[in-house]
Amino acid sequence: MPRISIIGCGFVADLYLRSLQSFPDISVAGVYDHDPERLRVFCTHWNLPSCDTLDALLAATPLDGLVLNLTNPGAHYDINKACLLAGRHVYSEKPLAMELDQAKDLHRIAGETGLMLASAPCSVLGEAAQTLGHAIRNQVCGTPRLVYAELDDGFIPQAAYKKWLSESGAPWPYQDEFEVGCTLEHAGYYLTWLISWFGPVRSVTAASAECLPDKTGTGPTAPDFATATLFFDSGMVARLTCSILAPHDHSIRVIGDKGVLKLNRAWDNDAPVRYARRLTLRRRLMEHPLPRRIRLPGPTHPKVKRWGAAAMNFMLGPAEMLDALAKGRPSRLSADFALHMTEVTLAMSSAGDSGGAVKMTTTCERMEPMVWAQ
Ligand SMILES: NC(=O)c1ccc[n+]([C@@H]2O[C@H](COP(=O)([O-])OP(=O)(O)OC[C@H]3O[C@@H](n4cnc5c(N)ncnc54)[C@H](O)[C@@H]3O)[C@@H](O)[C@H]2O)c1
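Residues numbered from 1 in each chain as written. Predicted model: local features only at pLDDT ≥ 70, side-chain atom pairs only at ≥ 80, totals over all residues. Heavy atoms only, no water.

A.B. asks: Would you mind going over the pattern of salt bridges with me for this structure?
C.D. replies: Applying the stated rule across the entire model yields 22 salt bridges. For Glu 167, the salt bridge identified is with Arg 18, shortest N-O distance 2.1 Å. Taken together, the positions of Glu 167 in the loop between β6 (144-152) and α7 (174-180) and Arg 18 in helix α1 (residues 11-20) put the pair 149 residues apart, joining distant regions of the chain. What makes Glu 167 partly exposed here is its relative accessible area of 23%. Overall, the relative accessible area of 35% leaves Arg 18 in the partly exposed class. A salt bridge links Lys 215 to Glu 210; its shortest N-O distance comes to 3.6 Å. (Salt bridge = Lys/Arg side-chain N within 4 Å of Asp/Glu carboxyl O. Helix = DSSP H or I, 4+ residues; strand = E, 2+ residues; numbered from the N terminus. Buried < 20%, exposed > 50% of the residue type's maximum accessible area, 1.4 Å probe, protein only.)

A.B. asks: Looking at this structure, how should I read the nonpolar core?
C.D. replies: Side chains that are nonpolar tend, in soluble globular proteins, to be buried together. Counting 97 residues, the largest nonpolar core has Ile 4, Tyr 91, Leu 132, Trp 193, Leu 230, Ile 252 and Leu 261 as the members making the most contacts within it. A total of 8 residues in this core trace back to one element, the largest contributor, which is helix α9 (residues 188-198). A domain-level breakdown of this core finds at least three residues from each of domain 1 (3-119) and domain 2 (127-297 + 336-373). Not counting residues up to four positions away in its chain, the partners in contact with Leu 261 are Leu 132, Ala 135, Ile 136, Val 140, Cys 141, Ile 252, Arg 253, Val 254, Val 273, Arg 274, Tyr 275 and Ile 294. (Core = buried A, V, L, I, M, F, W, Y, C linked by side-chain atoms within 4.5 Å. Domains from an automatic or database assignment. Contact = heavy atoms within 4.5 Å.)

A.B. asks: Honestly, the packing of aromatic side chains in this entry has me stumped. Any pointers?
C.D. replies: One pass over the structure, following the stated rule, counts 12 aromatic pairs. Arranged with centres 5.9 Å apart and planes meeting at 85°, the rings of Trp 197 and Phe 198 form a pair that is edge-to-face. Of the residues examined, Trp 197 reaches a relative accessible area of 10% and is grouped as buried. Taking relative accessible area as the criterion, Phe 198 reaches 5% and is therefore assigned buried. Aromatic ring contacts, followed pair by pair, group Tyr 161, Trp 164, Trp 172, Tyr 174 and Phe 178 into a single cluster. (Phe/Tyr/Trp six-rings, centres within 6.5 Å; stacked < 30°, edge-to-face > 60°.)

A.B. asks: Help me out: how do you make sense of the domain arrangement of the protein chain in this one?
C.D. replies: Interfaces are frequently sized by the accessible area removed from exposure as the parts join. Per the domain assignment, the segments making up the protein chain are domain 1 (3-119) and domain 2 (127-297 + 336-373). In this structure, domain 1 and domain 2 have C-alpha centres spaced 26 Å apart. At the interface, 23 residues of domain 1 touch 24 residues of domain 2. Roughly 1900 Å² is buried in total at the junction of domain 1 and domain 2, and carbon and sulfur atoms are behind 64% of that figure. Our count for the contact surface shared by domain 1 and domain 2 stands at 2 salt bridges. Here Glu 185 makes a salt bridge to Lys 94, at a shortest N to O gap of 3.4 Å. At the junction of domain 1 with domain 2, the criterion picks out 9 residue pairs in polar contact (both at pLDDT 80 or more). Contributing elements (two or more residues each) for the side of domain 1 that touches domain 2: α1, α2 (36-46), α5 (100-113) and β5 (117-119). Considering each element in turn, the side of domain 1 that touches domain 2 owes the most residues, 5 residues, to α2. Considered class by class, the residues forming the side of domain 1 that touches domain 2 number 12 nonpolar, 5 polar and 6 charged. (Buried area = accessible area lost by both parts, 1.4 Å probe. Polar contact = N/O pair within 3.5 Å; in protein donor to acceptor, adjacent residues only side chain to side chain. Nonpolar A, V, L, I, M, F, W, Y, C, P; charged D, E, K, R; others polar.)

Structure, rendered in C-alpha cells:
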C-alpha cells in the first residue's frame, strides 16, 4: 500500500484528508506538527498516527513513500530540505520556497539524490485543466494566440476571515496569507496549467503593488495585486492577474483564430469548459452567444465535494507521484516543473512598480497529459 506522511496539520491539511478518502489505497504513515495541540486535535479527528518530532516522522516514512509538506510558506525550504536530505521524496505545498536560490538548492539536492520533488497546486492534473488542455491540443479554437487568466478573490480584507475554520477546527491563517501575498499563494493555480500546455516561460513583464496598506493593523504586508504578461518559448503570450481586492473572477480564456475556450472556476476540478466560435452576423464580429460544452469521452478521476472556496482533489498530485514511483516512470509533477513555476511566480510577486522584462533562468518540459485525456 503506498504511504504518505504529513508535516503541518493546519487549515489545508484537512482538505488533503478529505481528498484522501477518494484514494482508499493510500495510507498515512505518520503526522507531525510543531504545535503539539494542533497535532493532537488533527490526529484525533482523522484517527491518524502522530509523531513527536520531525525525525520521528521521517523515520516513519518508508523510502518509497512520500512526505507532504503542508506547513506555512516560510517553513517550506527548511522542511523540504530536511526531508530530501533524509532521503525522502517530497510533495510541497506552494511555494516550493520563498526565494529563488532556495528553490534552486532544493532542485539541485533532488537531482543529486534522485529523489522526487514537486510543488502544489495539482489542479493541473484535474479534469477541468485536462479538458481545456485537450481542446487546445486539438485546436478546437484554432491556433491559440493569447490567454487571459484571472485569479481575483474578491475584497478579502473585508471578508469574515477570522471566522473561517477548517473541518478539524484550524483557523484560516490570515496574517500569514496577507504576509505571503496572494500571488505567491495563488498564481500557481493558472501558471501550472499554462506551463503544462505551452511549455516554459521565456520572460515575465510584471507589476505588483500593495493597494490596501495595513490590512491587519500590523504594518505593510505583501502585494495584494499583481499582473504579468508571460512570453513563452513556444511563442504563446498570456496575461495573468492575481488580487484579493478586485471582484471574484477565476476565469481563464484561451483566444484562438477560430474562437474562445473558456472556464470560469479555477478551483473546481469539475468546472465546465466551453467553446464559443467567432462569427460575423451581418457586419458585426462576435463570439457565439451559446458556447458549447467540451467534454472528455471517458471517466477521469475521483472528485471531492466543495469545502469553502475549493472543489479540488488535493491528493491528485501525491497520487500521481506515488503512481510514478510504483511504475518507475517520471512524474508529471517534476522538480523542473516546480522550480520553473516558482521562478515565474516570484518574478510576478516581487515585480513592484519598476517594470521591465525579467528573463527566466530555469526551464521545463511541457507536461504529458493524463492517460484519460490523451
Ligand atoms: N488555507 C488554504 O485555504 C490553503 C489552500 C491551499 C493551499 N494552502 C497552502 O498550504 C500551506 C499551509 O497553509 P495552511 O492554511 O494550512 O496554514 P496553517 O497555518 O493553517 O497550517 C500550517 C501548519 O503547519 C505547522 N507548521 C509550521 N511550521 C512548521 C514546522 N517548521 N514544523 C512543523 N509544523 C509546522 C503549523 O503549526 C500549522 O499547524 C501553505 O503553503 C498554503 O499556501 C493553503
